[in-house]
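Letter by letter, the chains look like this.
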Amino acid sequence: IHIMGGYKDERGTSLKLSTYLLGLFANFAEEFSNDSSSSLLYNGRRRNTQLFMTLGTCAVSRLNNTTINGRNRPIGRGLGLNVSTGRVFLAKVDPSVAGPALTLRSARIWAGSGRPSLYIIHDVILPPNH
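A brief report on the enclosed structure follows. Note that the coordinates shown come from a computational prediction; the quantities given were computed from them, not determined experimentally.

Turning our attention to the overall build of the chain. Along its length, the chain carries two helices and eight strands. Along the chain direction, N to C, the helices and strands of the chain fall in the order β-α-β-β-β-β-β-β-β-α. Relative to its full complement of 130 residues, the chain shows a buried share of 15%. Residue pairs in contact within the chain that sit at least 24 positions apart in sequence constitute 42% of those at least 6 positions apart. Roughly 10800 Å² of accessible area belongs to the chain as shown, and the carbon and sulfur atoms make up 56% of that amount.

Now the structure itself:
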C-alpha cells in the first residue's frame, strides 16, 4: 500500500483523514488475519479470505509538509507507479487538479452498480496517434 497526500493544514483535515485511513487498514489486517476465519462475498458466494498488506509508502500530514512563505504546503500531491518495475515515484500534478478534487473523489459513489468492483475515476485521454 502506498499512501500520499495531505499536509499540516490549518483545519487538521489531513490528520483526521490519515488517522482514519491507517485505522481502516489496521482493522482490515485484524479482520482478515491468519488467525481469523473471515469471508467475503464474491460472485454471490462466500469465500474464506486472507488479506496480506504491506505499507510501502506513507507520506501524509506532517510527513508531507513544507513551509513556503510562512504557509504550510504539501511536498507531494500524489504518487505514480511504474507497473512494469513496481517503482513508486512522486507524481507531478497539474495545478488545475491540485487541492481536494471533490468531483473525482466522489465519482465512485455515483458510478457503482451495487457490486464490489474497481472504478477508474480519473483517466488520461491521449490524443490520436500517440
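Further remarks concern a nonpolar patch on the surface. On the surface, Ile1, Leu22, Met53 and Leu55 cluster together to form a nonpolar patch covering roughly 300 Å² of accessible area. With respect to the helices and strands, the residue Leu22 is situated in helix 1 (residues 13-31).

Here the focus is the packing of aromatic side chains. Evaluation of the coordinates by the stated rule reveals one aromatic pair. Summarising the aromatic geometry, the rings of Phe25 and Phe28 are spaced 6.3 Å apart at their centres and angled 65 degrees between planes, so their arrangement reads as edge-to-face. Pair noted here: Phe25 and Phe28 are both in helix 1, with a separation of three residues, about one helical turn. Look at Phe25 and you get partly exposed, because its relative accessible area is 24%.

Before going further, it helps to spend a moment on the side chain of Asp9. Within the fold, Asp9 resides in the loop between strand 1 (2-5) and helix 1. Notably, Asp9 is buried but unbridged: the nearest opposite-charge side chain belongs to Arg11, and the N-O separation is 5.1 Å. Non-local contacts of Asp9, meaning those with residues more than four positions away in its chain, are made with Ser14 and Leu15.

Let us look at unusual backbone geometry. Within the chain, Ser61 stands out as a residue other than glycine whose phi angle is a positive 50 degrees. Its place among the elements puts Ser61 in the loop between strand 4 (57-60) and strand 5 (65-68). Under the relative-accessibility criterion, Ser61 is labelled buried at 9%. Despite not being glycine, Asn69 shows a phi value in the positive range, around 50 degrees. Inspection of the secondary structure assignment puts Asn69 in the loop between strand 5 and strand 6 (71-74). Residue Asn69 is classed as exposed on the basis of its relative accessible area of 76%.

Positionally, Thr13 belongs in helix 1. A relative accessible area of 42% places Thr13 in the partly exposed class. The spacing of Thr13 and Ser61 is 48 residues in sequence and 8.8 Å in space, taken between C-alpha atoms.

Parameters at a glance
Every chain is numbered independently, its residues counted from 1 as its sequence is written. Whole-chain, interface and lining totals are the exception, using all residues; otherwise, since this is a predicted model, local features are given only for residues with pLDDT of at least 70 and side-chain atom pairs are given and counted only at 80 or more. Note: side-chain values were computed over all heavy atoms of the structure, leaving out hydrogens and water. The secondary structure listing takes helices from DSSP runs of H or I that are at least 4 residues long and strands from runs of E that are at least 2 residues long, numbered from the N terminus. The cut-offs for exposure are 20% and 50% of the maximum accessible area for each residue type, with area from a 1.4 Å probe on protein chains only; residues under the lower value are buried, those over the upper are exposed, and the others partly exposed. By definition in these notes, contact holds between two residues if any of their heavy atoms fall within 4.5 Å. Note on areas: these come from Shrake-Rupley sampling with a 1.4 Å probe, and a residue is covered only by the protein chains present in the view. Only residues whose relative accessible area exceeds 30% and that form no salt bridge enter a patch; like-charged residues are grouped when within 9 Å of one another, and nonpolar side chains (Val, Leu, Ile, Met, Phe, Trp, Tyr) when within 5 Å. We count a salt bridge whenever a side-chain nitrogen from Lys or Arg sits within 4 Å of a carboxyl oxygen from Asp or Glu. Pairing of aromatic rings covers Phe, Tyr and Trp, the last counted by its six-membered ring, and requires centre-to-centre distances within 6.5 Å; plane angles under 30 degrees mean stacked, over 60 mean edge-to-face, and any other angle means tilted. Within this scheme the basic residues Lys and Arg register as positive and the acidic residues Asp and Glu register as negative, but His and the chain ends are omitted.

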